[in-house]
Structure formats: C-alpha cells, structure tokens
Amino acid sequence: SSAEAIRARHEELGVKIVNFCYPAGQYNDTVIAAVEDAGYRGATTVNPGLARKDMPFELDRIRIAQGDGADALAGYLESL
C-alpha cells in the first residue's frame, strides 16, 4: 500500500516524509485524494505562486533558478 511505501522510505532515509511533490506536476482530484489517503500532510504543484494554507494538497511555489539570489527572490515575491 501507499502507507507502507511511505514507512519504508522513512526507515530508508531516517526522516519522516510528510509532504509529496506531484511527478511532473501532474495531478487531479483522484491523485489528490490518493496522496491525502496515503498519509501525507500536503503536496506541491508546479503552479507558480504562493502556497495557500487552505489548499495543502495544491501548494503553488515560486521557481528559483540556479544563480538567482535574494534580489531575484524579492522581485518574484513583489510580482505576485
């Protein structure tokens, strides 16, 4: 089961895995339900923006490229 797979990763890595990232950003309501049922507390998408607390299984994120510094991050945040 998914829950057993999560426990196996916990043991293998020595850390508790609580969040999920949708492979290639692909998800739908069925996938969200499966991730939630597997015991994760939230999941990230590839959708640009700020994550919202009321949508823990559809967390948007800000893409930061290699070499981007604090000024670039500040610019991304100001543009949202």
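Conventions used here
Residues numbered from 1 in each chain as written. Predicted model: local features only at pLDDT ≥ 70, side-chain atom pairs only at ≥ 80, totals over all residues. Heavy atoms only, no water. Helix = DSSP H or I, 4+ residues; strand = E, 2+ residues; numbered from the N terminus. Buried < 20%, exposed > 50% of the residue type's maximum accessible area, 1.4 Å probe, protein only. Polar contact = N/O pair within 3.5 Å; in protein donor to acceptor, adjacent residues only side chain to side chain. Salt bridge = Lys/Arg side-chain N within 4 Å of Asp/Glu carboxyl O. Patch = residues over 30% accessible without salt bridge, like charges linked within 9 Å, V, L, I, M, F, W, Y side chains within 5 Å. Areas by Shrake-Rupley, 256 points an atom, 1.4 Å probe, with all protein chains shown as cover. Phe/Tyr/Trp six-rings, centres within 6.5 Å; stacked < 30°, edge-to-face > 60°.

**Quick word on unusual backbone geometry**
Phi at Ala24 is positive, roughly 60°, even though this residue is not glycine. Along the chain, Ala24 falls in the loop between β1 (19-21) and α2 (29-37). Take Ala24: its relative accessible area is 68%, and that puts it in the exposed class.

**Let's talk about α2**
Two residues of an α-helix separated by three or four positions point the same way, owing to the 3.6 residues in each turn. Its side-chain oxygen placed 3.0 Å from the backbone nitrogen of Thr30, Asn28 serves as the N-cap of α2. Phi turns positive, to about 105°, at Gly39, one or two residues after α2.

**What to know about the pattern of salt bridges**
Counted under the stated rule, the structure contains one salt bridge. The partner of Asp54 in a salt bridge is Arg52, with the nearest N and O atoms 2.7 Å apart. On the accessibility criterion, Asp54 (53% relative accessible area) is exposed.

**Some details on a nonpolar patch on the surface**
A cluster of nonpolar side chains, contributed by Leu50, Ile64, Leu73, Leu77 and Leu80, occupies part of the molecular surface with about 440 Å² of accessible area. You can see Leu80 is positioned in the segment after α3 (70-79).

**Some points on the packing of aromatic side chains**
By the definition in use, this model includes three aromatic pairs. Both rings, one in Tyr22 and one in Tyr27, keep their centres 4.7 Å apart while their planes meet at 20°; by these two values the pair is stacked. By relative accessible area, which is 1% here, Tyr22 ends up buried. Each residue in the set Phe20, Tyr22, Tyr27 and Tyr40 is aromatic and connected to the rest through ring pairs, giving one cluster.

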